[in-house]
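Secondary and tertiary structure notes
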Amino acid sequence: MTEVNRWVFTICCGAVLCGAVSVLLPSRGTERLMRLVLGLFMLCCLLPAGMRLELPDLDPPEASASMEQAAGEVTEFFLQDTLERSREELRQRAVEELRESGINGQDIQIYIEAKEPKDNGRPELTAELILPRELAGRGEELRQLLEKELGIAVRLG
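Residues numbered from 1 in each chain as written. Predicted model: local features only at pLDDT ≥ 70, side-chain atom pairs only at ≥ 80, totals over all residues. Heavy atoms only, no water.

We now examine the nonpolar core. Residues Leu 98, Ile 108, Ile 110, Leu 129 and Leu 146 are the most contacted members of the largest nonpolar core, which totals 19 residues. Taken together, the elements giving at least two residues each to this core come down to α3 (61–100), β1 (109–115), β2 (124–130) and α4 (139–150). Looking at this core, the element that brings in the most residues is α3, giving five residues. Look past the residues within four positions of Ile 110 in its chain and what remains in contact with it is Arg 91, Ala 94, Val 95, Leu 98, Glu 128 and Leu 129. (Core = buried A, V, L, I, M, F, W, Y, C linked by side-chain atoms within 4.5 Å. Buried < 20%, exposed > 50% of the residue type's maximum accessible area, 1.4 Å probe, protein only. Helix = DSSP H or I, 4+ residues; strand = E, 2+ residues; numbered from the N terminus. Contact = heavy atoms within 4.5 Å.)

Following this line, the structure appears as structure tokens:
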């Protein structure tokens, strides 16, 4: 008996909800569409609650494989974009640190490299510093400064 009570209650709530929505419709332009939607909603309310609908499997393996491939391509694009932005930001931070040390950023070449990702999936970044001859004596000092400030391995070229 409780199933019948639930079913009748669902029909009554659906009818009240459909009536309230139809009264609150703002314009006549959407009236026909809303009547169709509310009619379909009422038909769904009329289905007995215990009735189970068996829907066919709509996920063919080809669609799943193509979705995974597309997701992989999008992920790869965003990873490359993020890596490129990280390289540029590290390069700018290195130039700023060198400028604070009294060295002109245009005198030094800075290359940021990314090695293959480790177990955590993140690529390992390293910086290579190519100094002019007049700054060769300060190379180790600058390397240590940049390693400390950037948090990545720095080597002299």
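That shown, we press on.
Time to look at the pattern of salt bridges. Going through the model one piece at a time under the given rule, you end up with five salt bridges. For Arg 155, the salt bridge is made with Glu 128, and the minimal N-O distance between the two is 3.4 Å. One end of the pair, Arg 155, is in strand β3 (residues 153–156); the other, Glu 128, is in strand β2, with 27 residues separating them in the sequence. Residue Glu 128 is classed as buried on the basis of its relative accessible area of 17%. Ionic pairing is found between Arg 143 and Glu 147, a salt bridge with its closest N-O pair at 2.8 Å. Of the two residues, Arg 143 and Glu 147 both sit in helix α4, four residues apart, roughly one turn of that helix. The exposure class assigned to Arg 143 is buried, which follows from its relative accessible area of 18%. Each member of the salt-bridge network shares a partner with another, and the members are Glu 140, Arg 143 and Glu 147. (Salt bridge = Lys/Arg side-chain N within 4 Å of Asp/Glu carboxyl O.)

On to a nonpolar patch on the surface, then. A cluster of nonpolar residues, Leu 33, Leu 36, Val 37, Leu 40, Leu 43 and Leu 46, forms a patch on the protein surface that exposes about 560 Å² of accessible area. The residue Leu 40 is located in helix α2 (residues 31–46) in this model. With a relative accessible area of 49%, Leu 40 lands in the partly exposed category. (Patch = residues over 30% accessible without salt bridge, like charges linked within 9 Å, V, L, I, M, F, W, Y side chains within 5 Å. Areas by Shrake-Rupley, 256 points an atom, 1.4 Å probe, with all protein chains shown as cover.)

This brings us to the packing of aromatic side chains. Scanning all chains against the criterion turns up one aromatic pair. Ring geometry for Phe 77 and Phe 78: centres 5.4 Å apart, planes at 70°, overall edge-to-face. Taking relative accessible area as the criterion, Phe 78 reaches 48% and is therefore assigned partly exposed. (Phe/Tyr/Trp six-rings, centres within 6.5 Å; stacked < 30°, edge-to-face > 60°.)

Attention now goes to the sheet that holds β2. The strand order across the open sheet built from three strands is β1-β2-β3, with neighbouring strands paired in mixed fashion. Two strands lie at the open edges of the sheet, namely β1 and β3, each paired on one side alone. Adjacent strand axes in the sheet meet at a mean angle of 25° when their direction is disregarded. Bridge analysis of β1 against β2 gives seven bridges, and the strand direction is antiparallel. Paired with Lys 115 across the bridge in β2 is Glu 124. Contacts from α3 reach β1 and β2 within the one sheet, and its direction differs from that of β1 by about 145°. (Pairing = 2+ DSSP bridges. Axes fitted to C-alpha atoms, helices over the stretch in contact; angles between N-to-C directions.)

Taken by themselves, the reported measurements are silent on function.
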